[in-house]
Amino acid sequence: MRLIWFRRDLRVDDNTALISAIESGERVVAAFIATPETWREHHLAPIQADLIYRRLFCLKAELEQLNIPLLYAEVDDYASSAIQISDWVDCLQITAVHLNKEYEWDEIQRDNHLELLLSNSNIALHRHDDKCHLAPGDVVNQKGDYFKVFTPFKKAYLKAMQTTPLHVRKAKAVTVPMVDLPSKDTFGEHSAFSYPRISSEEFAVDSTSIIRRLRSFVQDGVDDYKQQRDFPAVSGTSGLSPYLAIGALSARQCLARVEYQQIQPLSAGRETWQSELIWREFYQHLLHFEPKLSKGRCFLSWGERLMWPNRDEYITAWKEGKTGYPIVDAAMRQLNQTGWMHNRLRMIVASFLIKDLHVDWRIGEAYFMSKLIDGEYAANNGGWQWCASTGCDGQPYFRIFNPTTQGERFDPSGDFVRRWIPELADVPAKYIHQPMKWNRVKEASYPSPIVDHKVQREITLANYKDAKDIMNAT
């Protein structure tokens, strides 16, 4: 009998570890383990915990259609979860365990621990590369090293796709009867997480709805993606990131749908969305090659020399959406109320926290993870280090977003700002991103800007120059 351990790969179709276990011809049991203490350490957002919890009910039903039961347990942390799997292996006389690799440091140590436990009983652990279409190491430069710049990575990635075509595989039912397990050991209504949850009901969790959403976006929205994706008042993005984050949808499924029945070259919208998917792969590959990224370290070593005042009042104002910069505040309020934020706005608010308020990017990174329904370590870390200019192929440190002009450019009529900042509902479009210039602004009860962008920009430039100079001197 084989055991498949689900983590952030909560799907049946196109799941390499699951399909491999089924193809063994043996009976199969599946398992999921909640680890609230580790989740707290990793800042898992309660809204994402709820999405995972709701998805598990659908996963259980879909697995049962394949004659596979779903074991469930809750333990404190990752180390205990490896022990729990080992205990199930002994109890159920499992002959092999299958899992899909995760590339973060803690996750690798968890799986190494399991492998050590299983080796004592001569039980095989099969680790599958499933997180990405092309596994880390499959896309390297001519010297055999990993890429440190995205554009050549993408070029090599697309070339490799020509020899490793996309193949989305359907899971077939196990041909032997389903293993009968005690109800106390299987996932069900009694299996509520002890970890806090916030409703994620806006997102359907059954596979039919998820695939329908993917198909709908590719059919009706992707060709306009390049033109629409930067405007937060417009529904111009896919809305699929929460499913990618928990593995209810795979990168392969998305990449395959981009090219489905399309004549090359792809439209500008399809090519742009494809690039965004490859960016996700790029950041996953970086975690594999640079373990320090999972340990709170900058990719560029000089980044550790940066000085961060980390003023509490600035951090609080940023988190609460009370900085006096409308596009920043609207974005943060959207995040706090919905667990999601438009991608353009993620860059704007991150830049503002780091380069206007001089707050360590790690503080913003952790806050995002604690709120986002689509929080995924590789993409979140990559995005924050890009904005901080400390990451792999990050934004040059001297390119600093002006929050006012960003708002004027991407929310010109102020529709997005008014939606999330009701106290600015009556401000004319001319003043919506600089409400202090409106003669009736006092009636709006909206704060004045907490910092002067021009002044803070000069401070940032000096801070970064000093950090690089100190590094070069040593």
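Up top you'll find the structure we're talking about.
Given the structure is predicted, the values throughout are model-derived calculations rather than measurements. (Residues numbered from 1 in each chain as written. Predicted model: local features only at pLDDT ≥ 70, side-chain atom pairs only at ≥ 80, totals over all residues. Heavy atoms only, no water.)

*Asks:* Would you explain unusual backbone geometry in this entry?
*Replies:* Positive phi, normally seen in glycine, also occurs at Asn310, with a value near 50 degrees. With respect to the element layout, Asn310 can be found in the loop between helix H11 (268-289) and helix H12 (312-320). Look at Asn310 and you get partly exposed, because its relative accessible area is 24%. With a phi close to 55 degrees, Asp393 is a non-glycine residue in the positive phi region. Take Asp393: it is sitting in the loop between helix H16 (377-388) and helix H17 (403-410). (Helix = DSSP H or I, 4+ residues; strand = E, 2+ residues; numbered from the N terminus. Buried < 20%, exposed > 50% of the residue type's maximum accessible area, 1.4 Å probe, protein only.)

*Asks:* Teacher, can you tell me more about the sheet that holds strand E3 (residues 70-74) here?
*Replies:* Two pairing modes exist for strands in a sheet, parallel and antiparallel, and in both the strands are linked by backbone hydrogen bonds. Overall, parallel pairing links the five strands, which are arranged E3-E2-E1-E4-E5 in an open sheet. The sheet is open, and its two edges are formed by E3 and strand E5 (124-128), each paired on a single side. Across the sheet, the axes of successive neighbouring strands diverge by a mean angle of 25 degrees, strand direction being ignored. Strand direction decides the pairing type here: strand E1 (residues 2-6) and strand E2 (residues 28-34), joined by five bridges, are parallel. Opposite Leu3, over in E2, you have Val29 as the bridge partner. Sheet contacts for helix H5 (residues 105-119): E1, strand E4 (96-100) and E5; angle to E5, the most-contacted strand, approximately 155 degrees. (Pairing = 2+ DSSP bridges. Axes fitted to C-alpha atoms, helices over the stretch in contact; angles between N-to-C directions. Contact = heavy atoms within 4.5 Å.)

*Asks:* I tried to follow the nonpolar core on my own but got confused; where do I start?
*Replies:* One finds Leu18, Phe32, Phe193, Trp273 and Trp318 to be the most contacted residues of the largest nonpolar core, which totals 126 residues. When residues of this core are assigned to their parent elements, the largest contribution, nine residues, is made by helix H3 (residues 46-64). Discounting chain neighbours no more than four positions away, the residues touching Trp273 are Leu214, Phe217, Val218, Val222, Tyr225, Ser238, Leu240, Cys254 and Val258. In terms of nonpolar packing, the next biggest core, distinct from the first, is built from 22 residues, Trp88, Val97, Leu114 and Leu181 among them. (Core = buried A, V, L, I, M, F, W, Y, C linked by side-chain atoms within 4.5 Å.)

*Asks:* What's the story with the packing of aromatic side chains in this structure? I'm lost.
*Replies:* Any pair of aromatic rings gets described here by the distance separating the centres and the angle formed by the planes. What the rule picks out here adds up to 31 aromatic pairs. An angle of 15 degrees between the planes, with centres 6.3 Å apart, marks the rings of Tyr72 and Phe193 as stacked. With Tyr72 in strand E3 and Phe193 in the loop between helix H6 (150-163) and helix H7 (207-220), this residue pair connects regions lying 121 residues apart in the sequence. Seen in terms of ring centroids, Trp279 and Tyr283 are 5.4 Å apart; in terms of plane orientation they differ by 40 degrees. Their pairing is tilted. One end of the pair is Trp279 and the other is Tyr283, both in helix H11 and four residues apart, which spans about a single turn. An identical accessibility class is assigned to Trp279 and Tyr283; each is buried. Members of the aromatic cluster, connected to one another through ring pairs, are Phe32, Trp39, Tyr53, Phe57, Tyr72, Phe187, Phe193 and Tyr195. Over the aromatic face of Trp5 sits the side chain of Arg110, whose NZ or CZ is 5.3 Å from the ring centroid. (Phe/Tyr/Trp six-rings, centres within 6.5 Å; stacked < 30°, edge-to-face > 60°. Lys NZ or Arg CZ within 6 Å of the ring centre and 35° of its normal.)

This is a description of form; function is not addressed.
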